Amino acid sequence: MKIGRRALTTGALAGALPLARPANLSALAAEPAWIDTHAHVFVRGLKSATDARYAPTYDASWQTLLELAQKNGVGRAVLLQPSFLGFDNAYLFEALRAEPGRFRGVPWVSPSIEISQHDWEGLAQIGVKGLRFPIYGLPTPQWSAYRDMLGEALKRDWPIHLYVESKRLPEILPLLLDSGHKVVIPHYGMFDRTLGPARDPGFKALLDSAASGRVWVVMCGAYRVGPERARAATPMLLDAFGPARLMWASDWPHTDTGLDRVTTYPKTLKWFEEWVPDAAVRRTILVDTPSKLYSF
């Protein structure tokens, strides 16, 4: 079986020592290590998908991510398959094998690939902890083609990661939730930045879905919805979901934005600290919630 265009091999996985903490960070940065729950890694030379909306011309390696994260008090990360690489998850799997103690992974898997139980177990062993559907701007999948894959996610308690316009959430969220899935939504809930969180019916549907107890929202990519609007959405998300189903992320390397890949990382943490002033709540969002969801 192949994921993307390369054979899946797991190999032996060794543990990793925790990252050291910079001494000059605030008290918020106490052990255990914070978790960045939405980041992407890639290097130049990887083949882009034929329908890619963009194709970066720079490297964003997993080694660079770890180094930058360490400087900002972050020791672990959840890596999501970049949409522009399509179904070729080879580099993502390379990162998971290299740092099993620090990374968890969420691939985008083609429904046309036959995957055996042995292969699924191999993915779990290298740190796969979810399935991604980056369908922003793309047609809604024919979910029947994913029946077996979604069944495997249910069996393994893997969340489904949806990157989709908020206006499509009222259609897609109930389908997944009624089937028993856990769902993760990025970018402060994906509300329409023109409407803002208070006027977006898709965002309201997301807030209403909190009652299911099976939806998580990642506080990342404020620049994708507008920082001031993300600030306004924060208390709404805290009220609906509580810190037990909210997570922070850098959205590194801030693809398709032109933002500085070094200075924006700490800026996302600064926004988070300003918008969530309670230290105990921040710790839950930074450590406890993602540790439980991704089995760190």
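For clarity, every value in this text was computed on a predicted model and none was experimentally measured.

The rules we used
Residues numbered from 1 in each chain as written. Predicted model: local features only at pLDDT ≥ 70, side-chain atom pairs only at ≥ 80, totals over all residues. Heavy atoms only, no water. Helix = DSSP H or I, 4+ residues; strand = E, 2+ residues; numbered from the N terminus. Contact = heavy atoms within 4.5 Å. Buried < 20%, exposed > 50% of the residue type's maximum accessible area, 1.4 Å probe, protein only. Phe/Tyr/Trp six-rings, centres within 6.5 Å; stacked < 30°, edge-to-face > 60°. Lys NZ or Arg CZ within 6 Å of the ring centre and 35° of its normal. Expected span 1.5 Å × (residues − 1). Bend = angle between axes of the 7 residues up to and from the residue. Right-handed = clockwise from strand over helix to strand, strands pointing away. Salt bridge = Lys/Arg side-chain N within 4 Å of Asp/Glu carboxyl O. Pairing = 2+ DSSP bridges. Axes fitted to C-alpha atoms, helices over the stretch in contact; angles between N-to-C directions.

A word on unusual backbone geometry
So, point 1. A cis amide bond links Trp-252 to the next residue, Pro-253, at an omega of 5 degrees.
So, point 2. Here Pro-253 is to be found in the loop between strand S10 (246-248) and helix H9 (264-275).
So, point 3. The backbone of Met-190 shows a phi angle near 65 degrees, a positive value even though the residue is not glycine.
So, point 4. Relative to the elements of secondary structure, Met-190 occurs in the loop between strand S8 (183-185) and helix H6 (201-209).

Details of the side chain of Thr-264
So, point 1. Here Thr-264 lies in helix H9.
So, point 2. Aside from chain neighbours lying at most four places away, what touches Thr-264 is Tyr-223, His-254 and Leu-259.

Comments concerning the environment of Ala-205
So, point 1. Tracing the backbone shows Ala-205 in helix H6.
So, point 2. Among the residues examined, Ala-205 registers a relative accessible area of 22% and is labelled partly exposed.

Considering the packing of aromatic side chains
So, point 1. This structure, assessed with the given rule, holds 13 aromatic pairs.
So, point 2. Measuring from centroid to centroid gives 5.6 Å for Phe-42 and Tyr-58, while their planes differ by 55 degrees, and the two rings are tilted. Within this pair, whereas Phe-42 is found in the loop between strand S3 (34-39) and helix H1 (62-71), its partner Tyr-58 is found in the loop between S3 and H1, the two being separated by 16 residues in sequence. In this pair, the class of Phe-42 matches that of Tyr-58, namely buried.
So, point 3. Ring centres 5.2 Å apart and planes at 15 degrees place the aromatic pair Tyr-136 and Tyr-163 in the stacked group. Of the two residues, Tyr-136 sits in the loop between strand S6 (131-134) and helix H4 (147-156) while Tyr-163 sits in strand S7 (residues 160-163), which places them 27 residues apart along the sequence.
So, point 4. Under the relative-accessibility criterion, Tyr-136 is labelled partly exposed at 33%.
So, point 5. Overall, Tyr-163 belongs to the buried group, its relative accessible area being 13%.
So, point 6. By the ring-pair criterion, three or more aromatic residues cluster together here, those being Phe-42, Tyr-58 and Phe-84.
So, point 7. Directly above the aromatic system of Phe-296 lies the positively charged group of Arg-104, at a separation of 4.5 Å from the ring centroid.

Brief notes about helix H8 (residues 227-241)
So, point 1. Taking 1.5 Å of rise per residue, the 15 residues of H8 would be expected to cover 21 Å, and the 20 Å separating its terminal C-alpha atoms lies within 8% of that figure.
So, point 2. At Ala-233, H8 is bent by approximately 30 degrees, the largest bend along its length, and proline Pro-235 sits one to four residues beyond.
So, point 3. For H8, the set of buried residues is Ala-230, Ala-233, Thr-234, Leu-237 and Phe-241.
So, point 4. Backbone geometry just after H8 places Gly-242 at a positive phi near 70 degrees.

Concerning the pairing of S3
So, point 1. The element S3 is extensively covered by neighbouring structure, given that 6 of its 6 residues are classed as buried.
So, point 2. In this fold, S3 hands off to H1, which returns the chain to strand S4 (residues 74-80); that crossover is right-handed.

Considerations on the pattern of salt bridges
So, point 1. Inspection of every chain in the model, using the stated rule, returns 14 salt bridges.
So, point 2. Notably, a salt bridge pairs Glu-121 with Arg-156, separated by 3.0 Å at the nearest N-O pair. Taken together, the residues span a long stretch of sequence, with Glu-121 in helix H3 (residues 117-126) and Arg-156 in helix H4 at a distance of 35 residues.
So, point 3. Here the salt bridges share partners, and the residues they tie into one network are Glu-121, Glu-152, Lys-155 and Arg-156.

Thoughts on the sheet that holds strand S9 (residues 215-219)
So, point 1. Strand order in this open sheet of 5 strands is S6-S7-S8-S9-S10, and the pairing throughout is parallel. The sheet is open, and its two edges are formed by S6 and S10, each paired on a single side. Within the sheet, the average angular offset between the axes of one strand and its neighbour, ignoring direction, is 25 degrees.
So, point 2. As paired strands, S8 and S9 are joined by 3 bridges and run parallel to one another. Its bridge partner being in S9, Val-183 is matched across the sheet by Val-215.
So, point 3. Contacts from H8 reach S9 and S10 within the one sheet, and its direction differs from that of S9 by about 155 degrees.

Any functional reading would require information that these geometric values do not contain.
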